[in-house]
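Observations on the model geometry
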2 protein chains.
Amino acid sequence: MAGENEPGTVRPGGRTARVREAVLRAAEDALTELGFTHLDLADVARRAGVGKTTVYRRWGTVTGLVADVLLDMAEQSAPRTETGSLSGDLKANARLVQRTLTDPRQAALFKALIAAATGDTKTAAALHRFYDIRVAEWAPCVRQAVERGEVPAGTDAEEVVRAVSAPLYYRLLIGGGPLDEAAADRAAEAAEAAARAGAYVRGREKPA
Amino acid sequence: MAGENEPGTVRPGGRTARVREAVLRAAEDALTELGFTHLDLADVARRAGVGKTTVYRRWGTVTGLVADVLLDMAEQSAPRTETGSLSGDLKANARLVQRTLTDPRQAALFKALIAAATGDTKTAAALHRFYDIRVAEWAPCVRQAVERGEVPAGTDAEEVVRAVSAPLYYRLLIGGGPLDEAAADRAAEAAEAAARAGAYVRGREKPA
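Residues numbered from 1 in each chain as written. Chains lettered and ligands numbered in written order. Predicted model: local features only at pLDDT ≥ 70, side-chain atom pairs only at ≥ 80, totals over all residues. Heavy atoms only, no water.

An unreviewed UniProt entry lists chain A under the name Transcriptional regulator, from Streptomyces filipinensis.

Below you can see the structure in the form of structure tokens.
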């Protein structure tokens, strides 16, 4: 996977694409190092080796730039793993989230983006779109599990995928224990058990 | 519940306690209105009607003040509801978290505190302590469920309580749907189903 064809390091397109690439990587660097509060378009332009006016003209504001970082992250999102069972698929998803959130650069970037979204509705909307795309990529594993009879018909596939992530984001942002592989596996198993029990069936009455 | 004896509005103690009360409420107001980034000790002193030097001498820094806000929130934390069943207790917990996170002032305050914790290790430690206290208050409902045979022996009570909150914090911070009572009930039911299936048993091997 490493080398010059690693996903995300080389892209098609001409100068415009190269400028966007350089600016978005620089914006990620700045977010990772300084957080959203100190993100500054002039600093990003300097880091990217791009003229300040180009950055102001194309992205306008810090929140506009962060929204484009999130759009780019969604575009680069890796395809889901298919293992043939709900258990395997949810564990693969949980491990991917766990690896992402424990990579120092990615952890800092996600914390900065989530913190930014708490204080700005446009950034929050961009963050929601990013996660909607990620969740939609993995939801078919739950729909396949419905077809295989592993979980009840009417199970909300997106909600099961979010349930796998939720305890891992809780550990990242709030605490409660290490964000390790055991936490990932437990998150996947808990979501699967709840799904099998029908907890994510849409619009049902609560069972007695 | 309303009126001058409402919890948290009147406290025992002399001038020192009254000053702390005024400063902490002012800090919460400032966090709610402006977020952590723009929190300023001089502004908090002005809002509280307290001398600036008093605030600097007692709390020192913005992070020191936020840590005391979190300590005070933990001290004021309401006792848990006991309903006699795990299902009822977890639903009461989920509804309490959901009401807190949809109250406009509390939602803004929690978002500000969580955002602050992403960028500062002392604030993160104070946030973790606050949630450890809240989780410890509710954990006995799971231990009672173990005694009643509702969930397997060895179930990690704290982890079940965190599992109830995690999807609600996910909706607050990341998205995925409304933070309504249905979301609270689903979070409680999912945590209960996973606990019954043994997903939160400590240190067990994964079942086949």
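A short note on the UniProt feature "DNA-binding region" (unreviewed entry) in chain A
Spelled out, the test is: UniProt positions are given in the numbering used here, feature names are shortened, and annotations may be inferred rather than shown by experiment. In this description a helix means any DSSP run of H or I spanning at least four residues, a strand means any run of E spanning at least two, and both kinds are numbered starting from the N terminus.
The sites that UniProt annotates as "DNA-binding region" (unreviewed entry) are residues 40-59 of chain A. The straight-line gap between the two end C-alpha atoms of residues 40-59 of chain A is 12 Å; of that span, 80% is helix and 0% is strand.

Quick look at the interface of chain A and chain B
Formally: Two residues form a contact once any of their heavy atoms are found within 4.5 Å. Once two parts are put together, the accessible area they lose, assessed with a 1.4 Å probe and summed over both, is termed the buried area. Each reported salt bridge corresponds to a side-chain nitrogen of Lys or Arg within 4 Å of a carboxyl oxygen of Asp or Glu.
Taken together, the contact pairs 37 residues of chain A with 37 residues of chain B. Taking both partners together, chain A and chain B bury about 3100 Å²; carbon and sulfur atoms supply 62% of that area. Of all residues in chain A, Tyr-170, Ile-174 and Arg-186 of chain A bury the most surface against chain B, accounting for 22% of the area lost on that side. Joining chain A to chain B, the criterion identifies 4 salt bridges. A salt bridge links Glu-159 of chain A to Arg-171 of chain B; the shortest N-O distance between them is 3.1 Å.

Details of the domain arrangement of chain A
Residues and elements named next belong to chain A. As a reminder of what qualifies: Where each domain starts and ends follows an automatic or database-derived domain assignment.
Per the domain assignment, the segments making up chain A are domain 1 (14-72) and domain 2 (77-196). If you average the C-alpha positions of domain 1 and of domain 2, the two centres end up 27 Å apart. With 11 residues of domain 1 in contact, the opposing surface of domain 2 contributes 11 residues. Carbon and sulfur atoms make up 72% of the area that domain 1 and domain 2 hide from each other, which totals about 1100 Å². Taken together, the connections running from domain 1 to domain 2 amount to 2 salt bridges.

Concerning the packing of helix α5 (residues 86-102) of chain A against helix α7 (residues 121-147) of chain A
Residues and elements named next belong to chain A. Selection rule: Fitted lines through C-alpha atoms serve as axes, helices being fitted only where they are in contact, and the angles separating the N-to-C directions of these axes extend from 0 to 180 degrees. Orientation categories follow fixed angle ranges, with anything under 35 degrees roughly parallel, anything over 145 roughly antiparallel, 65 to 115 roughly perpendicular, and all other angles oblique. In a left-handed crossing the near helix is turned counterclockwise from the far helix by less than a right angle, and in a right-handed crossing that turn is clockwise. Amino acid classes used here: Ala, Val, Leu, Ile, Met, Phe, Trp, Tyr, Cys and Pro are nonpolar; Asp, Glu, Lys and Arg are charged; the rest, including Gly, are polar.
Where α5 contacts α7, the axes come no closer than 9 Å and their chain directions differ by 165°. Classified by the angle their axes make, α5 and α7 are roughly antiparallel. As for the relative orientation of α5 and α7, their crossing is left-handed in sense. Of α7, the residues touching α5 (which contributes Leu-86, Asp-89, Leu-90, Ala-92, Asn-93 and Leu-96) are Trp-138, Cys-141, Val-142, Gln-144 and Ala-145. Of the residues that constitute the contact of α5 with α7, the class distribution is 8 nonpolar, 2 polar and 1 charged.

As for the pattern of salt bridges
Residue and element names in this part refer to chain B. To be explicit about the condition: Buried residues are those whose accessible area, probed at 1.4 Å on protein chains only, stays under 20% of the maximum for their type, while exposed residues exceed 50% and partly exposed ones sit between those limits.
This structure, assessed with the given rule, holds 43 salt bridges over all chains. Measuring nitrogen to oxygen at the nearest pair gives 3.0 Å for the salt bridge that ties Glu-28 to Arg-25. Highlighted residues: Glu-28 and Arg-25, both in helix α1 (residues 15-34), separated by 3 residues, approximately one helical turn. Assessed through its relative accessible area of 8%, Glu-28 is described here as buried. The salt bridge partner of Arg-80 is Glu-82, with a shortest N-O separation of 3.5 Å. The class of Arg-80 is buried, set by a relative accessible area of 16%.

Here we look at the side chain of Asp-43 of chain A
Residue and element names in this part refer to chain A. Position of Asp-43 relative to the elements: it lies in helix α2 (residues 41-48). Its relative accessible area of 16% is what places Asp-43 among the buried residues. With residues near it in sequence (within four places) discarded, Asp-43 still touches Ala-30 and Leu-34.

Side note on the relation of the copies chain A and chain B
Condition: For the least-squares superposition of copies, only C-alpha atoms count, and only for residues with pLDDT at least 70 in both.
Mapping chain A onto chain B is achieved by rotating through 180° and translating by 0.0 Å along the same axis, at an RMSD of 0.0 Å. Put plainly, the chains are arranged around a two-fold axis. Taking the C-alpha atom as reference, chain A places Ala-115 of chain A closest to the rotation axis, 2.2 Å from it. Mapped onto chain B, 100% of the interface residues of chain A are again interface residues, and the two copies thus contact each other with one and the same surface.

Some words on the environment of Phe-130 of chain A
Residues and elements named next belong to chain A. Among the secondary structure elements, Phe-130 is positioned in helix α7. The spacing of Phe-130 and Val-69 is 61 residues in sequence and 9.8 Å in space, taken between C-alpha atoms. Once residues within four sequence positions are removed from consideration, Phe-130 is found in contact with Leu-70, Met-73, Ala-74 and Phe-110.

Quick word on the UniProt feature "domain: HTH tetR-type" (unreviewed entry) in chain A
Following the UniProt record, one finds the feature "domain: HTH tetR-type" (unreviewed entry) at residues 17-77 of chain A. Helix makes up 80% of residues 17-77 of chain A and strand 0%, and the two end C-alpha atoms of the span are 18 Å apart.

Here's the deal with helix α2 (residues 41-48) of chain B
Residues and elements named next belong to chain B. Taking burial as the measure, the 8 residues of α2 include 6 buried ones, the bulk of the element. Residues Leu-41, Ala-42, Asp-43, Val-44, Ala-45 and Ala-48 constitute the buried set of α2. Tucked inside the fold, the buried residues of α2 contact α1, α3 (52-59) and α4 (62-76). Just downstream of α2, Gly-49 is the residue with a positive phi angle, here 65°.

Considering the packing of aromatic side chains
Heads up, the condition is: For Phe, Tyr and Trp, where Trp contributes only its six-membered ring, two rings pair if their centres lie within 6.5 Å, and the inter-plane angle classes them as stacked under 30 degrees, edge-to-face over 60, or tilted in between.
One pass over the structure, following the stated rule, counts 12 aromatic pairs over all chains. When the centroid spacing of 6.4 Å and the interplanar angle of 55° are considered together, the rings of Phe-110 of chain B and Tyr-131 of chain B count as tilted. Of the two residues, Phe-110 of chain B sits in helix α6 (residues 104-118) while Tyr-131 of chain B sits in helix α7 (residues 121-147), which places them 21 residues apart along the sequence. The two residues Phe-110 of chain B and Tyr-131 of chain B agree in class, both being buried. A connected cluster of aromatic rings, assembled from ring pairs, spans Phe-110, Phe-130, Tyr-131 and Tyr-169 of chain A together with Tyr-170 of chain B.

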